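Take a look at the letters that make up each chain.
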Amino acid sequence: MHYIAVIDKNEGSVYGVRFPDVPGCFSAADTVDEIVPNAIQALALFFENRETIPARGIEAVREEVAEDLAAGAVLMMIPHISDLRRVVRVNLSLNKGLLDTLDEAARARGMTRSAFVAKAATREIRDPG
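Procedures and definitions
Residues numbered from 1 in each chain as written. Predicted model: local features only at pLDDT ≥ 70, side-chain atom pairs only at ≥ 80, totals over all residues. Heavy atoms only, no water. Helix = DSSP H or I, 4+ residues; strand = E, 2+ residues; numbered from the N terminus. Rg over C-alpha atoms; globule rule 2.2 N^0.38 Å. Contact = heavy atoms within 4.5 Å. Lys, Arg positive; Asp, Glu negative; His and termini not counted. Charge placed at Lys NZ, Arg CZ, Asp CG, Glu CD. Pairing = 2+ DSSP bridges. Phe/Tyr/Trp six-rings, centres within 6.5 Å; stacked < 30°, edge-to-face > 60°. Buried < 20%, exposed > 50% of the residue type's maximum accessible area, 1.4 Å probe, protein only. Lys NZ or Arg CZ within 6 Å of the ring centre and 35° of its normal. Axes fitted to C-alpha atoms, helices over the stretch in contact; angles between N-to-C directions.

S.K.: Got a minute to help me understand the overall build of the protein chain in this structure?
M.R.: When you go through the protein chain residue by residue, the secondary structure sums to five helices and four strands. Starting at the N terminus and walking to the C terminus, you meet the elements of the protein chain as β-β-β-α-α-α-β-α-α. The globule rule puts the C-alpha radius of gyration for 129 residues at 14 Å, and the 18 Å found for the protein chain is more than 25% above it. Expressed along its principal axes, the backbone C-alpha trace of the protein chain runs to roughly 55 × 35 × 25 Å. Sequence separation of at least 24 residues holds for 51% of the intrachain contacts in the protein chain that already meet a minimum separation of 6. Computing the positive centroid from 15 side-chain charges and the negative centroid from 19, the protein chain places the two 10 Å apart.

In structure tokens form, the structure reads like this:
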């Protein structure tokens, strides 16, 4: 599930991140690159011991925060990734050449195969562009 975040920044301050559909859940970031990871973590922590809340579509949120958008705020889709700390064993099927290249890249970075795949998947989820 994805939630719509409203991101704004006043001169001389950090980026503020809030979720109209998740009252009480907010985050901040010093740089643009920190917005998504910090927002993902905020959602994960918020829902750690709570049930998820239905998310509205972007048009409903856009209408609600129209004044903020007119003042320069932007909207961003943030994925809710639950259970960030629980590790689960899975099986993946990859062609041999890709697996060999993956293992080589993981070794070059001093990582395990699992850590490398998790990091790559997380990066792709955070920045699907």
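S.K.: Teacher, can you tell me more about the pairing of strand β2 (residues 15-18) here?
M.R.: Consecutive residues of a regular strand have side chains that alternate between opposite faces of the sheet. Strand direction decides the pairing type here: strand β1 (residues 2-9) and β2, joined by four bridges, are antiparallel. Each residue of the ladder has a partner; that of D8, found in β2, is G16. In textbook terms, the turn of a hairpin is the stretch between consecutive antiparallel strands, and for β1 and β2 this stretch comprises five residues, one of which, G12, has a positive phi near 80°. Pairing geometry for β2 and strand β3 (residues 26-29), over four bridges, is antiparallel. For Y15, the partnering residue across the bridge sits in β3 and is A29.

S.K.: What should I look at first to understand the packing of aromatic side chains in this one?
M.R.: Here a ring pair, both rings aromatic, is described through the centre-centre distance and the interplanar angle of the planes. On inspection of all chains with the given rule, the structure shows two aromatic pairs. Both rings, one in Y3 and one in F47, keep their centres 5.6 Å apart while their planes meet at 25°; by these two values the pair is stacked. Here Y3 is found in strand β1, whereas its partner F47 is found in the loop between α1 (32-46) and α2 (58-64), with 44 residues between them in sequence. Side by side, Y3 and F47 carry an identical accessibility label, which is buried. Seen from their ring centres, F46 and F47 are 5.2 Å apart, and the 90° between their planes marks the pair as edge-to-face. Taken together through their ring pairs, the aromatic side chains of Y3, F46 and F47 make up a single cluster. Cation over ring: K9 sits above Y15, and NZ or CZ is 5.4 Å from the ring centre. Across the ring face of F46, the terminal group of R50 is positioned such that the distance to the ring centre comes to 4.0 Å.

S.K.: Is there a simple way to think about the sheet that holds β3 in this case?
M.R.: Overall, antiparallel pairing links the four strands, which are arranged β3-β2-β1-β4 in an open sheet. On the outer flanks of this sheet lie β3 and β4 (74-79), each paired with one strand and no other. For this sheet the average axis-to-axis angle between neighbouring strands, irrespective of direction, equals 30°. Here six bridges tie β1 to β4, and the two strands are oriented antiparallel to one another. Residue pairing in the sheet places H2 in a bridge with P79 of β4.

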